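Spelled out from the first residue to the last, the chains are:
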Amino acid sequence: MIDVKWELGVKAKSDDFEALVAEARGYVARAQQADFGAWVDLPLKYDKDEFERIQRAAERINQDSDYLVCVGIGGSYLGHRAVIEALGGERGRTKILYAGNSLSARGLEKVLAELEGHDFSINVISKSGTTTEPAVAFRILKRRLLEQYGETAAKQRIYATTDAGRGALHDEAVAMGYERFVVPDDIGGRYSVLTAVGLLAIATAGYDIAALLDGAEEERMSLISDGGKAAEYAALRNMLLRQGFNVEVLANFEPQFGYFNEWWKQLFGESEGKDGKGIFPASVIYSTDLHSMGQYMQEGRRELFETFVELAEEYDGVRVPAEPENLDGLNYLEGKSLDYICKKANAATREAHLAGDVPVIEVIMPRLDEQAMGALIYFFEMSCALSAYLLGVNPFNQPGVEAYKKRMFELLEKPGFEA
């Protein structure tokens, strides 16, 4: 379902490409058998009973809540926010708000203000329940919920996605009777969007989560034997890195893909950025960023390559009307769709940057719907795992993220962390 094309230009060589592809293909089984590798077969082996409970919970939230506040950080919120926004935002009554993804007082106050006078529920997503950002936000939002509904009704509006058997949030959920969903032990946060971590919010937003998983399964079937296009993309990235291209810019022409870019950056940044290795993941939204970053992309330091996420389908949306006086000179575009114009801008950008010695990769999805989004997510997850193995690093750990937490706890004088 997901296709990959590339043009590398005169400054990038492809001498070792086939060898890298062959090596990447050999890592599929390694990812499948690794600790935290259960995402590989998840689209086939997901918990059907929990899946049905997620759908029922989403229906209940749609009936009783104007807002669902998703409390989580990193992989606990980026994936489902990426899907919801890429597909066009909420389709039904219930709007999704996000909290616990920063320590900004102003950000949380804005969420609280938006909830004023409205019915709401909370989906708190944390394996431990003690991660500072979501734990603080949950405590504050829970207080608002208790004040608005009282204890009995409030606890029926809290949905805890957490560890199956231990942790602070698990214990609170059991004691208080919150409905619980599982953060799998064998799937890391950045690979978890197709689990309960992401599916409750996506279903509540009005999207077909069965189709999302069907798309992921279709992509899994195309990759599971030898890595397919994912192995080629992983090999391209590593080949370019070895030639000095150490920054990858994910580019697309749809502003609603902004949070997909953020999910992609976490996926590759946390998976590859260790042991002094890795490609730095960056992103742009065109054509907007052509008017701010375009000069650098065209003529700046030649250490970057671009990966364009593109839609094959034609979107028959708004069209350019005629103007009798043609003061803006646009009558040559009369009757053409904005999507047609956008695709020409896309092609022109690729060609111009390639001519400026920027290697260009295209990752092409057939259309924009739940099934294609599921395929795109799975494609990048597999690509990321294979690419990290080519680098010689573990795709599924993130030891470096604890450094700032330790120092923050010292500065906050948390018991046990005194400097």
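For the structure itself, look to the data block above.
Note that the structure is predicted; figures quoted are calculated from it, not measured.

Novice: Looking at this model, I keep getting lost on the nonpolar core. Mind explaining?
Specialist: The nonpolar side chains of soluble globular proteins are, as a tendency, buried together. Ranked by internal contacts, the top residues of the largest apolar core, which has 91 residues, are F260, W263 and F380. For W263, the contacting residues outside a window of four places in its chain are L78, G79, A82, R190, V193, I377, F380 and E381.

Novice: I tried to follow the pattern of salt bridges on my own but got confused; where do I start?
Specialist: Oppositely charged side chains may form a pair once their charged atoms are brought near each other. A full pass over the atoms with the stated rule returns 28 salt bridges. For the salt bridge of D66 with R93, the shortest nitrogen-to-oxygen distance reads 3.0 Å. Of the two residues, D66 is situated in the loop between α4 (48–64) and β2 (67–71) and R93 in the loop between α5 (78–86) and β3 (95–99); the sequence distance between them amounts to 27 residues. Between D339 and K343 there is a salt bridge; the shortest N-O distance is 3.1 Å. Of this pair, D339 and K343 both sit in helix α14 (residues 338–355), four residues apart, which is roughly one turn of the helix. On the basis of relative accessibility, which here comes to 11%, the residue D339 falls in the buried class. Residue class for K343 comes out partly exposed when judged on its relative accessible area of 24%. What you see here is one network of salt bridges that share partners, running through D3, R25, D226, K229 and E232.

Novice: How should I be thinking about the side chain of Q266 in this particular structure?
Specialist: Among the structural elements, Q266 can be located in helix α12 (residues 258–272). Setting aside chain neighbours within four positions, we find Q266 in contact with G74, G75, L78, R190 and S271.

Novice: Help me understand the layout of surface pockets in this model?
Specialist: To find the voids left in a structure, one rolls a probe of water-molecule size over its atoms. Put simply, the second largest pocket is a space of about 640 Å³. The wall of the second largest pocket is formed by 26 residues, among which E254, L311, D339, C342 and K343 lie closest to the centre. For the lining of the second largest pocket, the element with the most residues is α14, which contributes eight residues. In terms of residue class, the lining of the second largest pocket is built from 14 nonpolar, four polar and eight charged.

Novice: What's the story with the packing of aromatic side chains in this structure? I'm lost.
Specialist: Given two aromatic rings, one states the distance between the centres and the angle between the planes to describe the pair. Counted according to the given criterion, the structure contains 22 aromatic pairs. Ring centres of Y233 and F380 lie 5.8 Å apart, and the angle between their planes is 70°; on these two criteria the pair is classed as edge-to-face. Separated by 147 residues along the polypeptide, Y233 in helix α11 (residues 228–242) and F380 in helix α15 (residues 370–391) bring together distant segments of the chain. For the pair Y233 and F380, one class covers both residues: buried.

Novice: Got a minute to help me understand the environment of L311 in this structure?
Specialist: Summarising the element assignment, L311 is placed in strand β9 (residues 304–311). Residues L311 and N252, 59 residues apart in the sequence, show an inter-C-alpha distance of 9.3 Å. The residues contacting L311, other than those within four sequence positions of it, are E254, K343, M365, R367 and L368.

Novice: How should the pairing of β2 be read in this particular structure?
Specialist: On a regular strand, each side chain points to the face opposite its neighbour's, so the side chains alternate between the two faces of the sheet. Along β2, five of the five residues are buried, which leaves the element largely enclosed by surrounding structure. Both faces of β2 are covered, namely the face carrying Y67, V69 and V71 and the face carrying L68 and C70. Relative to β3, β2 is paired through five bridges, and the arrangement is parallel. Opposite L68, over in β3, you have I96 as the bridge partner. Chirality of the crossover, the property in question, places the unit of β2, α5 and β3 among those that are right-handed. In the sheet, β2 pairs with strand β4 (residues 120–125) via five bridges, with the strands oriented parallel. By the bridge assignment, V69 is partnered in β4 with I122.

Analysis parameters
Residues numbered from 1 in each chain as written. Predicted model: local features only at pLDDT ≥ 70, side-chain atom pairs only at ≥ 80, totals over all residues. Heavy atoms only, no water. Core = buried A, V, L, I, M, F, W, Y, C linked by side-chain atoms within 4.5 Å. Buried < 20%, exposed > 50% of the residue type's maximum accessible area, 1.4 Å probe, protein only. Contact = heavy atoms within 4.5 Å. Salt bridge = Lys/Arg side-chain N within 4 Å of Asp/Glu carboxyl O. Helix = DSSP H or I, 4+ residues; strand = E, 2+ residues; numbered from the N terminus. 1 Å grid on protein atoms, 1.4 Å probe; cavity = no way out; pocket = protein on both sides within 12 Å on 5 of 7 lines; lining within 4 Å. Points joined across faces, edges and corners; volume = space filled by probe spheres on them. Nonpolar A, V, L, I, M, F, W, Y, C, P; charged D, E, K, R; others polar. Phe/Tyr/Trp six-rings, centres within 6.5 Å; stacked < 30°, edge-to-face > 60°. Pairing = 2+ DSSP bridges. Right-handed = clockwise from strand over helix to strand, strands pointing away.

Taken by themselves, the reported measurements are silent on function.
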